[in-house]
Structures are given as C-alpha cells and as structure tokens.
Amino acid sequence: MKTLSKTREGFCWDRLRADVENWCRECHACGARKGTKTRTKGRLQRYNVGVPFEKMTLDILGPFPVTTKGNRYVLVLMDYFTKWPEAIPIPDQEASTVAEELVSARTKIQMNSYFNNLPTSSSPDLISSTEVINLIEKINPRKARGPDGVPNKAIRMLTLNVVTHLKKLFNQCLILQHFPDSWNTAHVLMLRKPKRNRKHPGSYRPFCLPIKIVKLYEKILLKRLKDHCYTNNIIPGEQFGFREKQSCTHQLLRVTNKIVEGFNVKQQEEFS
C-alpha cells in the first residue's frame, strides 16, 4: 500500500491500482525480501464418542468401471463408536445420493444391531383359546370369503374343539417360527376410485381378500409385535403414522407447539 500511496501523490491514470499491484507482484526484489508466510497448524484434540452413530466418517472411492446396475463409485462409511465399516455402491457423487444412502445404511445397521442382540427365548408367549375366541367373535360375518372359500359365518360357528386345534396350529407356527407358503395366497380385486377414468391403471385401488384363518393368526402376531415395541420403547415418540389413536393432525399439533415454544424462548431471551 505504500507504493500505491506514493504513486498517487504524483500520478493519476485509469486502473492505477491494478497496475501497481501487478508491478509489485512481479517484482523479484520484493519477493526475495518478503519470503514465505508460516502458518501454524491447530493442535489435534481428542473427541470422545459416547453412543453409536453420534459421529460417522465417510469417503467416496472411484470412479470405477460402470457395473450392470449403473454404479461407478463406492461410499465407505464407518461409525466412530462401534468401528463398524460399510461399503455401498452408488451411481454418482451427488449430495442427495450420498445423503439417501447414509440414512438408509444407518437405519440398516441399527436394525441389524437390534435384532442380533435380541434375547433368545425357547418358550414364546403361547396363544390361548380365549384369545382365538375373542378374535373370532370380532369377525364380520358379511365380509367376502377368501381363496379357501370358507365364509366368515362358518368361522363364527366353530366349536370349541376346532378352536383348540386352531390354537395348537398357531402355537406350533409360533414356536417353529414358520409361516406356511400356502397361507401366502389371496384374492386381489381392483376397485375403481370415484370419478376416475376406467382406462387408466392408476384409477384402481387393489383390495386383498386373504384366507380368514390366516388373518386371525396375523392379528395375533400383530398384537404381540405391538406389545413388544411399546414395552421396549422401539417406536419413537415422533411416530404418529400407523399407530392407534394417532393421526396426521396430532403430528401437525406437535410441530406447531414446538414452533410456538421456540418463539417464546427466543422472546424471553431477548427481554432478559
């Protein structure tokens, strides 16, 4: 800046500042006297990780030859706490692709860790005859029959002896952790949505009619899964979809209350 100020004292022309800066930058005498600038590096610090997935590191390798699935790069992830590595093939290095795979990999690792650490039990919670009878009483007799051709009215007229055999069948499936392949059949009907074009495939809604006995067993499993999830706090409090007595309205109210609380805290801090 000294050279620029002295030049301005006796001269003036267009782009004077740029010419002076270029002249000083190309001056060999000035460059030999100034030398190189030394930059001090910050000291390495220890970062303590307390829980899994609190901190993760990632890197992208590639590009490699394109695979049959269109992938050219490999996303490498590692959790600092568990030292768990994960290599994921990705088609590109876009931020959206990396973020999507990162969330998906984190969820998969958490689910694998959870199911691998489940306590093993040789005696599951067996099904009782009363539980089967209570479900049979809730069956609507006017509903359509499934691929087995057995109507709901006939199921509601089952004797106690037949219910006992059903209970034994369900308990064996539960103990052996087996779901018969023949139970995976159902009638699928396509119902047209109101005021929609008949020729458009998106105008129809699929409607499934499974075997009624299988539906009883699925309801029993669903009840046990719900009890297990609620007992072990697996479902987070922010989950409102597919839960009893919860809806999208409750989620909107929760988000609105959080926003109002945030504004109130900010106003209190400003006044204080």
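Quick caveat, the model's predicted, so the values are computed rather than measured.

Undergrad: Give a description of the overall build of the chain that names residues and reports values.
TA: Counting its regular elements, the chain contains nine helices and five strands. Sequence-ordered secondary structure for the chain, helices as α and strands as β, is α-α-α-β-β-β-α-α-α-α-β-β-α-α. For the chain, the residues scored as buried account for 18% of the 272 residues in total. Here the analysis covers contacts within the chain between residues at least 6 apart in sequence; of these, 41% occur between residues at least 24 apart. Of the roughly 22200 Å² that the chain leaves accessible, carbon and sulfur atoms contribute 56%.

Undergrad: Outline the pattern of salt bridges, listing residues and values.
TA: Using the criterion set out here, one finds three salt bridges in the structure. Among the salt bridges present, the one from glutamate 131 reaches arginine 224, with a minimum N-O distance of 2.8 Å. Of this pair, glutamate 131 sits in helix 5 (residues 129-137) while arginine 224 sits in helix 8 (residues 212-231); the two residues are 93 residues apart in sequence, bridging distant segments of the chain. Judged on exposure class, the residue glutamate 131 and its partner arginine 224 are both buried.

Undergrad: An account of the sheet that holds strand 2 (residues 73-79) is requested, with residue identities and associated values reported.
TA: With respect to topology, three strands assemble into an open sheet ordered 1-2-3, the strand pairing being antiparallel. A single partner strand is all that each edge strand has here, and the edge strands are strand 1 (56-61) and strand 3 (85-90). If you compare each strand with its neighbour and ignore which way they point, the axes differ by 20° on average. For strand 2 and strand 3, the ladder comprises six bridges, and the chain directions are antiparallel. Its bridge partner being in strand 3, valine 74 is matched across the sheet by proline 89.

Undergrad: Residue-level account of the packing of aromatic side chains, with values.
TA: All chains considered together, the criterion is met by five aromatic pairs. Ring geometry for phenylalanine 170 and tryptophan 183: centres 6.4 Å apart, planes at 85°, overall edge-to-face. You can see phenylalanine 170 sitting in helix 7 (residues 160-176) and its partner tryptophan 183 sitting in the loop between helix 7 and strand 4 (186-192), a full 13 residues away along the chain. Across the pair, tryptophan 183 and phenylalanine 170 agree in class, each one buried. Measuring from centroid to centroid gives 5.6 Å for phenylalanine 179 and tryptophan 183, while their planes differ by 85°, and the two rings are edge-to-face. Taken together through their ring pairs, the aromatic side chains of Phe170, Phe179, Trp183 and Tyr217 make up a single cluster.

Each value, and the rule that gives it
Residues numbered from 1 in each chain as written. Predicted model: local features only at pLDDT ≥ 70, side-chain atom pairs only at ≥ 80, totals over all residues. Heavy atoms only, no water. Helix = DSSP H or I, 4+ residues; strand = E, 2+ residues; numbered from the N terminus. Buried < 20%, exposed > 50% of the residue type's maximum accessible area, 1.4 Å probe, protein only. Contact = heavy atoms within 4.5 Å. Areas by Shrake-Rupley, 256 points an atom, 1.4 Å probe, with all protein chains shown as cover. Salt bridge = Lys/Arg side-chain N within 4 Å of Asp/Glu carboxyl O. Pairing = 2+ DSSP bridges. Axes fitted to C-alpha atoms, helices over the stretch in contact; angles between N-to-C directions. Phe/Tyr/Trp six-rings, centres within 6.5 Å; stacked < 30°, edge-to-face > 60°.

Spatial relationships are all this shows, so hold off on functional conclusions.
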